[in-house]
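# Analysis of the macromolecular model
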Amino acid sequence: MSASALKTSANLKSPEFEKNARRIVDLLTKIKNEEEQIRQGGGAKAIESQHKKGRLTARERVAKLIDPGSQFFELGIYAAYEMYEEWGGAPGAGTVTGLARVCGRTFMIIANDATVKAGAFFPMTAKKVIRAQNIAIENRIPTIYLVDSAGVFLPLQEDVFPDTDDFGRVFRNNAVMSAMGIPQITAIMGMCVAGGAYLPVMCDHILMTEGSGLFLAGPALVQAAIGQKTSAEDLGGARMHAQISGTVDFREPDDDACIKRIRALVDKIGAPNASPFSHVKSRDPLFSAEDIYGIFSSDPGKQYDTREIIARIVDVSEFEEYRAEYGETLLCGYARIGGWAVGIVANQKKHVHTLARGSDQKRLEFGGVIYTESAEKAARFILDCNQNRIPLVFLHDVNGFMVGKDAEWSGIIRAGAKMVNAVANSVVPKITVICGGSFGAGNYAMCGKAYDPRFMFAWPTARFAVMSGDAAASTLAEIKLKQLEREGKKVDEKQKPELFESVRATYEHQTDPRYAAARLWVDAIIDPAHTRDALIWALEAAALNPEIREFKTGVLQT
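Conventions and cut-offs
Residues numbered from 1 in each chain as written. Predicted model: local features only at pLDDT ≥ 70, side-chain atom pairs only at ≥ 80, totals over all residues. Heavy atoms only, no water. Axes fitted to C-alpha atoms, helices over the stretch in contact; angles between N-to-C directions. Helix = DSSP H or I, 4+ residues; strand = E, 2+ residues; numbered from the N terminus. Parallel < 35°, antiparallel > 145°, perpendicular 65-115°, else oblique. Left-handed = near helix turned anticlockwise from the far one by under 90°. Contact = heavy atoms within 4.5 Å. Nonpolar A, V, L, I, M, F, W, Y, C, P; charged D, E, K, R; others polar. Phe/Tyr/Trp six-rings, centres within 6.5 Å; stacked < 30°, edge-to-face > 60°. Buried < 20%, exposed > 50% of the residue type's maximum accessible area, 1.4 Å probe, protein only. Lys NZ or Arg CZ within 6 Å of the ring centre and 35° of its normal.

## Digging into the packing of helix H13 (residues 372-387) against helix H15 (residues 412-425)
The geometry of H13 relative to H15 is characterised by a closest axis approach of 8 Å and an angle of 25° between their N-to-C directions. Accordingly, the angle class assigned to the pair H13 and H15 is roughly parallel. Both H13 and H15 take part in a crossing whose hand is left-handed. Contacts between H13 and H15 involve Thr372, Ala375, Glu376, Ala378, Ala379, Ile382 and Leu383 from the former and Ile412, Arg414, Ala415, Gly416, Lys418, Met419, Ala422 and Val423 from the latter. In terms of residue class, the contact of H13 with H15 is made up of 10 nonpolar, two polar and three charged.

So this is what it looks like as structure tokens:
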């Protein structure tokens, strides 16, 4: 065992370990069952209807497109979860997105699910497609679109059409990606109408299957607008676009032939430029990833050693810890994941006994809290990673920054600003995993959504909001009581606990990772034991972008 290899002292047979493991397994079971339900799209009847048209479903198409035996790393499956229920819901926001290997190369795949409202674009559908495109842009990932959509969901058009993160942004991104040299292939495998018709035509290659339709306005709308009667096939069928308009590059008889043609085209695409990041042969960790279930505790009052988690994610459990004896509530260090060199910034959940700054007085630092010293250490470490072209991985279980007179006197705001500045201006890829809590400014400093992580994942145990549940619920309940009093309504003592529980339940629901995933605040809820796999997908994708701009921080608080 090398000097930098992490050791383990985890008691895999303790009652606490078993309790933690049961909790995570129960959460995972619930999430996996929900994901399986989402994968059914519009349900059995809608799937049967798609098959009767001689078409595959979106997921069947993806399964045939990707390399045999390979994995589809799905992103955004929870998009629109518990939303649009007045319209019958929109499972997965009516689209399937994710990373996969096609002819050995990493691709972003975006496929309309025609079993969900004919593949119509809900507000979250547009946002999900745009998020997938943004990931492709940031990481220079070639992209394949499998189009089968009726266009904008008209009852919600005001929330789909006009803004910068709405429908029109999809086509803007098509143009930007093409100008950047990111390969885009589109297959029209069903309907492609109205504004959506621009998507395929702004890509590099256009394929179209028989029986599909590509037009700015369908036959009924054409007749209403200009009085012209025409069939869908004459107006915008595959034969017309192949022989007359010259819009499509390849006309295919069916889905199977179309998918084979896509793979044949992918096989001819040139190799990407070399990655600027260090990579060697991958080596497995020394310890089982499933141990994470029992080691990690989602109880805010419980401690655990985050090094035990890192030891089960990084290659051969080797971790070159940076300033290990300073600012100990944040762990910083160098490692490899799947052979890729990374810098890790992780909240340490063990309490730390140390000396107060500038004195010999002993003090206790609470795990999961960012102190002045830990913020300064992390800021410097992030600067080093940018200097040396090392991607950053952030592991969250953070309550926030330390408060109080001692913290303020030590310059906690200045140190926090320094860390936030380093994160905000970092130019190397950043990948975030929310393991437990991610509250307040701690979320920002640890590269929350607002700080442009290339990918953002969450464990089922994740919770993130401006403050933790009980603290927020107490504050909100007190505000509600005062509001009722102002309205002249009296709340007796028996009703107060009920009010508190009602407020707390609402707040807890909003901090659930599924609530976040529904709104695309996280890209995927991942199994903790599969964290390493998710990070490898993300690192391999990030390595496709060879460009690293100059690193500048502007004014840095010192």
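## Thoughts on the packing of aromatic side chains
Under the criterion given, the structure shown has 16 aromatic pairs. Arranged with centres 6.4 Å apart and planes meeting at 55°, the rings of Phe171 and Tyr198 form a pair that is tilted. Of this pair, Phe171 sits in helix H5 (residues 167-179) while Tyr198 sits in helix H6 (residues 198-201), and the two are 27 residues apart along the sequence. Here Phe171 falls in the buried class, since its relative accessible area comes to 11%. Assessed through its relative accessible area of 45%, Tyr198 is described here as partly exposed. With a centroid separation of 5.0 Å and 50° between ring planes, the pair formed by Tyr334 and Phe381 is classed as tilted. Taken together, the residues Tyr334 in strand E10 (residues 330-337) and Phe381 in helix H13 connect sequence positions 47 residues apart. Here a set of aromatic residues connected by ring pairs shows up, and it is made of Phe73, Phe455, Phe457 and Trp537. Looking at Arg101, its charged tip hangs above the ring of Trp537, at a distance of 4.4 Å from the centre. Over the ring of Trp409 we find Lys405, and its NZ or CZ is 5.1 Å from the ring centre.

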